[in-house]
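Observations on chain architecture
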Amino acid sequence: MKTFNYHSAKDVKEASKISSSSSAFLAGGMTTIPSIKLGLASYRDIIDIKGIKSLSGIKVSGKSVKIGSTTKHVEVANSKEVKKAIPSLAALAEGIGDPQVRNRGTIGGSVANNDPSADYPSACIALNAVIHTNSRKIEAEKFFKGMFETALKSGEIIEAIEFSIPEKSNYQKYPNPASRYAVVGVYVAKHKSEVNVAVTGAKSCVYNDKDLAKALSNNFSSSAVDAVRISSSGMNSDIHASAEYRANMVKVFAKKAVEAC
Amino acid sequence: MASLVGSRVERKEDKKLLTGRGKYTADVNFVNQTFAYFVRSPHARAQIKKVDITKAMKAPGVVSILTGADIANDKIGGLIAGWRIKSEDGSDMKVPAHPPLANEIVNYVGDHVAVVIADSLDEARNAAEFVKVDYKILKAVVDTKGAMDSDQIYKDIPKNLCFDWLLGDRAKVKEAFEKADKIIKIDLINNRVIPNAMEPRAANADYNPSTEEITLYTTSQNPHLARIIISAFNGVAPENKLRVIAPDVGGGFGSKIYPYAEEVVCSWAAKKIERPVKWVADRTESFLSDCHGRDHVTHAELAVKNDGTFLGFKNETIANIGAYASVFGTVTPTYLFGPCATGVYKMPAAYTNVKAVFTNTAPVDAYRGAGRPEATYTIETLVEKAARELGMDPAEIRMKNFPTQFPFQQTLVHSVDSGDYVASLNKAMEVADYKGFEKRKRESANKGKLRGIGLCSYFEACGIAPSPVVMMLGCGIGLWESAEVRFNPTGNVTVFTGSHSHGQGHDTTFAQIAADQLGVPIENIEISHGDTDKGPFGYGTYGSRSLTVGGTAIVKACDKIIAKGKRVAAKMLEASVDDVEFSNGEFVVAKSNKKKTIGEIAFACYLPGTYGEVKSPLPEGEEPGLKETSFFDPANFSFPAGSHICEVEVDPDIGETKVVKYTAIDDFGTIINPLVVEGQVHGGIVQGIGQALYENCHYDETGQLVTASYMDYTMPRADNFPEFDLGFTCTPATSNPLGTKGCGEAGAIASPPAVMNAVMNAIGTEISMPATAEKVWKACNQNKKKNSEAA
């Protein structure tokens, strides 16, 4: 492990001020720390934002669930308010990684990292989330740019993620038997005026499957999913799952999610 | 005192191991210690043109950097293949040189090129980045099946062929096949797996310039073997100047039987720099450089009569032994594989032909079961296929071909002393509710799941010994076992065993045996192992040998103690030796109330005199002290056997297979501690299911290890399994006085074919291990297509 300077920021302003092109923000550290240890990443400065109180916590209103960026997965999973407002979101948090990860990992970290197999990005897309940063508000559709790429600029810190409460929703995934990341995860959310079908794990970045969304907008049932042809083009292919298999899984898990809604 | 043998005594060692008080090699630290970091080859095959350490030597904290040139200069010998195999044409196996640090060529990703030794691990690792190795990259040979037709890796080894070995009689097999009504054929892949012991390998070597002695702490299943190899073959230090200690060891599964390059290099370097050298593998190094297991490509055929009688068997296997011939790398696919390949059956004619090939992958060596799981997977999937093709019940075809007379002369090598294969299969079918399967299948179908049932009846040859036999077959060492039973003057007992416990529970089971033999409470018995300076020479733990061979040595040493105790008691009690009887820890003169406890005898042996008069309790000529040693070399292997029945549910939409019911009925002869044995069976089954459904070592075509972390290498986990239904039948072994048979590997031998037969029964298609979700999904899809075309 390469040495680095450790800073514990007292507020967002200070954290942003210290940041540079060779720094990283540290919340749960579930990706950052292993990356440093494995020599995959090295930073001059690590800026710890865990101590910033304003970044943590859950607020539920009539229309939305707003979760502070350093809120841990376990807090979302156990939150009575979240369970009541968007039960699928609490269930998603409960299914991330393992107990150690859920006790350390944060929602902001997961969203900022934008791992192609992470769970939370699909929730952001399906639940029309707004990403609140220290400088602006970004719609989820415009936030996730590509593999490990987001709209965040240097020094920009996620403060909270605000999810719209849908009429009904459900998230289903097939965890990789080795890593337990999603080989494919499908988050279906039925809002008043639209249906979103966010897919993670299948491609280089989370996406909203417009064909499935359209079919389900017309007829919210698993038979509507049956009629949609899922192309394997652009899908990931690795030792765990070929593109063809992933395409099948998107359909199977979309159906499971609709049936569980 | 009630007998402890047969009772569920809780494991004495668990308290320390489960509360973090175990002492492992990584926990050992010396004053003035340095840290080693190995520079490893990033290429699967390359020529080393130059190793430049100039810049690295200037990095902070660096003490020394050693390379293959230093190994050659110091005449440090290479790593060895411990078992000599001859080809069918009589020629010797061909084995490449394997220097502990590569000199001219590297042959797998992870191969050792140089070692950087520094004051801290961070400094060593940092400096290693500046070791500049100039490689000329060569085309790697990776594929097992294609290895013989690929580029030649070593200039003296044509076709990359280590040996082309035959066991059995081709002419007899040909004759048998000519008489057959039907020939059943199968093509199989026995997937390569990575052992993944919980504790990574480690070494810490300390050199004492005053005594010129090296003390090597290491993660070994077999410290005496490490000492003899590092002394006699690597030439690091004479045996009497090398002490090897394997303290608590966190699992081995075969991968820690023998020393690796790292232990040799640390010991040699410690002497060279006169400072302790510590190395602990990180997990990636373990994936890359621990010896792997299995990796066979097999074509097998079974000649049968229409009534299901077996007439003959042939087995053509290509075994990938990796880049170098490891210590047990050559015996695993030959004498540990071929003799068991005809399974638990009467088989009038058979042969096994194995072509062992070198590839640019990590060496392959013994892994839980070593050869016998590969053999059992071959015969048991073939027998199941025979049943399908003949329209017979898989249990019926097995029953028909079981031997019922024991001793049973098995087709190729073994004379099996005892067994009752009919009894274990009958019991397994009863416990598994074999008859109720169709009903359960319908229930699964109602949920949209495909349910399958698979059987496996196995036997195996373990308790590895006897020395004259294994040495005749090419083994470079003897395989007896030692025990020393030492009474301490105050009456408690230390038992030294040459075997080694790294999870097997010897501290408990061996103490149960000694407690019963000596009539001493189990709390007063300490089992000591793993230190070449403490007990007599021994051969360690692997091949399910420790109890049958090492446990017997303990019994024999106890017999000697009791014999001496009788002589001393006779003198003290003024009786004839023949009148002294020993039971429950007391020496009693027959038909009298005169007696001495074994503790009193021990005390007298160590303090042989009386105050105020010259009087010894010892008979004339008897030496003081009470300590006896025994070396036991059994007359035969032990032959555990049994039947396992597995049921799976397959979700055809995603191809996921779940083991929903698992029954294991095993015959391990006499069982010392059912609790420990059940633990061994659980672990073995889980490892076997891991191989059948999840684990797969994957190298890409350039020889890069793709599955080099737990992100990609699928270990089985607790939530992958149902409760197992275990049961036992018992036919005691006749080759050891305890009547025991080995139990450590049986689960890993029996479960892969049981699971795969169940999967194939569920989906109706032949597939090879591992039955991963995508593979099963594809097979289900093809079946759907076929069915719709037929309709």
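This one's a predicted model, so the numbers in the text were calculated from it and none came from an experiment.

This paragraph deals with the overall build of chain A. From N to C terminus, chain A includes 12 helices and 14 strands. Over its C-alpha atoms chain A spans a radius of gyration of 18 Å, differing by no more than 12% from the 18 Å that the globule rule assigns to 261 residues. Dimensions of chain A, computed from the C-alpha atoms along their principal axes, are close to 55 × 45 × 30 Å. Looking at chain A residue by residue over its 261 residues, the buried ones come to 47%. Of all intrachain contacts in chain A linking residues separated by at least 6 positions in sequence, the fraction that spans at least 24 positions is 60%.

Right, let's get into the overall build of chain B. Each helix and strand in chain B was counted, giving 19 helices and 28 strands. Relative to the compact-globule value of 28 Å for 791 residues, chain B shows a C-alpha radius of gyration of 28 Å, a close match. The principal-axis extent of the C-alpha atoms belonging to chain B is close to 105 × 75 × 50 Å. Per-residue burial for chain B yields a buried fraction of 56% across its 791 residues. Sequence separation of 24 or more characterises 80% of the internal contacts of chain B that already satisfy a separation of 6 or more.

Across its 13 residues, helix α14 (residues 506-518) of chain B extends 17 Å between first and last C-alpha, which sits within 8% of the 18 Å expected from 1.5 Å per residue. Just past α14 of chain B, the residue G519 of chain B takes up positive phi, approximately 70 degrees.

With that settled, the discussion passes to the domain arrangement of chain A. All names here are of chain A. Assigned domains within chain A: domain 1 (5-48), domain 2 (53-164) and domain 3 (168-174 + 184-260). Taken over C-alpha atoms, the centre of domain 2 sits 20 Å from the centre of domain 3. Counting residues at the interface gives 20 residues for domain 2 and 19 residues for domain 3. When contributions to the side of domain 2 that touches domain 3 are tallied by element, the ones reaching two or more residues are α5 (87-94), α8 (120-126) and β8 (144-146). Tallying contributions element by element places α8 first for the side of domain 2 that touches domain 3, with 5 residues. For the side of domain 2 that touches domain 3, a count of residues per class yields 12 nonpolar, 7 polar and 1 charged.

Spatially, 3 strands are ordered β4-β2-β6 (chain B) in an open sheet, and the strand pairing comes out antiparallel. Bordering the open sheet on either side are β4 (105-106) and β6 (132-137) of chain B, each of which pairs with just one other strand.

Below, the discussion takes up the domain arrangement of chain B. The extent of an interface is frequently quoted as the accessible surface area lost upon association of the parts. Residues and elements named next belong to chain B. By the assigned domains, chain B splits into domain 1 (14-138 + 201-280), domain 2 (296-465 + 636-790) and domain 3 (480-632). Spacing between the C-alpha centres of domain 2 and domain 3 amounts to 42 Å. Counting residues at the interface gives 20 residues for domain 2 and 17 residues for domain 3.

What follows concerns the interface of chain A and chain B. Contact residues are listed per partner, giving 11 residues for chain A and 13 residues for chain B. If one sorts the elements of the side of chain A that touches chain B by residue count, helix α12 (residues 243-260) of chain A sits on top with 3 residues. Across the side of chain A that touches chain B, the residue classes tally to 9 nonpolar, 2 polar and no charged.

Position of V413 of chain B among the secondary structure elements: in the loop between β16 (408-409) and β17 (415-416). With 246 residues separating them along the chain, V413 of chain B and L167 of chain B place their C-alpha atoms 8.9 Å apart.

Before going further, it helps to examine the sheet that holds strand β4 (residues 58-60) of chain A. Residue and element names in this part refer to chain A. With antiparallel pairing, 5 strands are arranged side by side in an open sheet as β4-β5-β10-β6-β7. The open sheet has two edge strands, β4 and β7 (137-139), and neither has a second partner. The mean inter-strand angle of the sheet, taken between neighbouring strand axes irrespective of direction, is 20 degrees. Pairing geometry for strand β6 (residues 130-133) and strand β10 (residues 158-164), over 4 bridges, is antiparallel. Looking across to β10, one finds that H132 is bridged to A160.

Right, let's talk about the nonpolar core for a bit. Residue and element names in this part refer to chain B. Counting residues in hydrophobic clusters, the biggest one holds 312 residues, and the most contacted among them are A36, A114, V116, A514, V755 and V759. When residues in this core are grouped by element, the largest group, 12 residues, is from helix α18 (residues 746-763). With residues near it in sequence (within four places) discarded, V759 still touches G452, V648, V650, T657, I767, A771 and V776.

Right, let's get into the pairing of β6 of chain A. Residue and element names in this part refer to chain A. Of the two faces of β6, the one lined by I131 and T133 is fully buried and the one lined by V130 and H132 carries no buried residue. Where β6 meets β7, 3 bridges bridge the pair, whose relative direction is antiparallel. When the bridges of β7 are listed, I131 appears paired with I138. Connecting β6 to the next strand, β7, in antiparallel fashion are 3 residues.

Reading guide: rules and limits
- Residues numbered from 1 in each chain as written.
- Chains lettered and ligands numbered in written order.
- Predicted model: local features only at pLDDT ≥ 70, side-chain atom pairs only at ≥ 80, totals over all residues.
- Helix = DSSP H or I, 4+ residues; strand = E, 2+ residues; numbered from the N terminus.
- Rg over C-alpha atoms; globule rule 2.2 N^0.38 Å.
- Buried ≥ 20, exposed ≤ 12 C-beta atoms within 10 Å, placed from the backbone.
- Contact = placed C-beta atoms within 7 Å.
- Expected span 1.5 Å × (residues − 1).
- Domains from an automatic or database assignment.
- Nonpolar A, V, L, I, M, F, W, Y, C, P; charged D, E, K, R; others polar.
- Pairing = 2+ DSSP bridges.
- Axes fitted to C-alpha atoms, helices over the stretch in contact; angles between N-to-C directions.
- Core = buried A, V, L, I, M, F, W, Y, C linked by C-beta atoms within 7 Å.

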